Amino acid sequence: MSDVNRREILGAAAVTAVGLLGVTGRAEAAGNESQQELPTFRYAMEEQTGRVTEGGSAKEATVKQLPISKGLAGVSMRLKPGGLRELHWHANAAEWAYVIKGRVRTTVIAPDGTSEVNDFEPGDVWYFPRGHGHALVGLGPDECHFVLVFDNGAFSEHGTFSITDWLGHTPADVLAKCLGLPESVFAKFPKEELYIPQGRVPPERPEPPRQGMLKSSPQTHRYPLMAQLPHARFPGGEERRVSAREFPISTTITGVIVDLKPGALREPHWHPHANEWLYFITGRARMTLFGSGGRARTEEFGPGDAGYIPQGFGHYLENVGDVPCRVLVAFDSGEYQEISLSTWLASNPTKLVADNFKIVDDMAAKLPDRRVFITTKKGKGA
Ligand code: MN
Ligand code: MN
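Keep in mind that what you see is a predicted model, and the values were worked out from it rather than measured.

Asker: Is there a simple way to think about the coordination of the manganese ion (ligand 1) in this case?
Answerer: Working reference: metal with six octahedral donors, ideal angles 90 or 180 degrees; metal with four tetrahedral donors, ideal angle 109.5 degrees. Bound to the manganese ion (ligand 1) are the protein donor atoms His88 (NE2), His90 (NE2), Glu95 (OE) and His134 (NE2), situated 1.9 to 2.2 Å from the metal. Every donor residue of the manganese ion (ligand 1) comes from the same chain, spaced as H-x1-H-x4-E-x38-H. Taken together, the positions of His90 in strand E5 (residues 84-90) and His134 in strand E10 (residues 133-138) put the pair 44 residues apart, joining distant regions of the chain. The same class applies to His90 and to His134, which are both buried.

Given below as structure tokens:
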């Protein structure tokens, strides 16, 4: 607003001036909003082809596909029976996973030489600390499907180190000297990363490692999340959670499964110290992100969509479909923190809340006096 306009307004009658300023203020806010609109926080992950090799496939959601998702990335991976996600490690991220369908076996090694072999079924979770070497193999009889989460949005590019890629770029004479086979053998090794070659279906009982006995990992890498009772249960839905408290090795990632019945709302809340990455397993939900400064954005999510909520941003989730909605949620912290709207309001005096919203005390007194979390209730008419 120019000085001339401001003087004109200030020179007008007080009541009129307030009215004009009010209108102008909103117009200015709307202008700013369009300039710095919130970016999309949804990515149709399963609609992509992804990377397909002989033993399986992988679809990624990283900062490349979903630029807002700087803190966390995800991969939807499928392995055929015997499909082998080859020996590899991630230089800049820990790996967390949730199994949706089928069975998969993992082997993982730690720098102290200890290792673990685990079999996973639907509802199970794994965690591999950053840089620890691992491999995955589909156990059959059907294809398995799981969602991987990494605590770095840029985990993929230049961050994933596969053994065929590495050995394919190491001279055969060096490999011969180190590993004791003739150079001619290494000359025939794959020259580029195989990623997911097709292997044999492993026997039910894991075969012993090449060194004979395993030196067992001091902490397990497996947590059967869906075998636990929900920590929160409401008429509209329930939530299961696994943080480092329940699963000590998982020091940098917390996972949650939220189940919402049709019409149910996971109330507005924020996470003070973690980013949030989501994968919609079943159902349809609407999510609204509040980014301060008058910025809010609503997007609708369906099965196979990924989502992202930056640390500290307000958000809520509502099942807008007619079937139950199940969402996988992961945070880039081993400790879970959250503040919900209802709890916040309930923690303040009625009069303060009434003054804040300019409503009468009687109305403020009817606001929830405890956490709502998940609800299907609507307000009763005024
Ligand atoms: Mn991995
Ligand atoms: Mn949340």
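Asker: Help me out: how do you make sense of the coordination of the manganese ion (ligand 2) in this one?
Answerer: Taken together, the protein donors to the manganese ion (ligand 2) comprise His269 (NE2), His271 (NE2), Glu276 (OE) and His315 (NE2), at separations of 2.1 to 2.2 Å. Written as a sequence motif, the donor arrangement for the manganese ion (ligand 2) is H-x1-H-x4-E-x38-H. A relative accessible area of 2% places His271 in the buried class.

Asker: Just checking my understanding: could you explain the domain arrangement of the protein for this structure?
Answerer: Interface size, as often reported, equals the accessible area lost upon joining of the parts. Under the domain assignment used here, the protein contains domain 1 (42-222) and domain 2 (228-375). Centre-to-centre, using C-alpha coordinates, domain 1 lies 32 Å away from domain 2. At the interface, 31 residues of domain 1 touch 30 residues of domain 2. Between domain 1 and domain 2 lies a buried interface of about 2,400 Å² when both sides are counted; carbon and sulfur atoms form 72% of it. Connecting domain 1 to domain 2 are one salt bridge. Salt-bridge contacts for Arg42 lead to Asp305; the nearest nitrogen and oxygen are separated by 3.0 Å.

Calculation rules
Residues numbered from 1 in each chain as written. Chains lettered and ligands numbered in written order. Predicted model: local features only at pLDDT ≥ 70, side-chain atom pairs only at ≥ 80, totals over all residues. Heavy atoms only, no water. Donors = N, O, S within 2.8 Å, 3.2 Å for Na, K, Ca; no water. Helix = DSSP H or I, 4+ residues; strand = E, 2+ residues; numbered from the N terminus. Buried < 20%, exposed > 50% of the residue type's maximum accessible area, 1.4 Å probe, protein only. Domains from an automatic or database assignment. Contact = heavy atoms within 4.5 Å. Buried area = accessible area lost by both parts, 1.4 Å probe. Salt bridge = Lys/Arg side-chain N within 4 Å of Asp/Glu carboxyl O.

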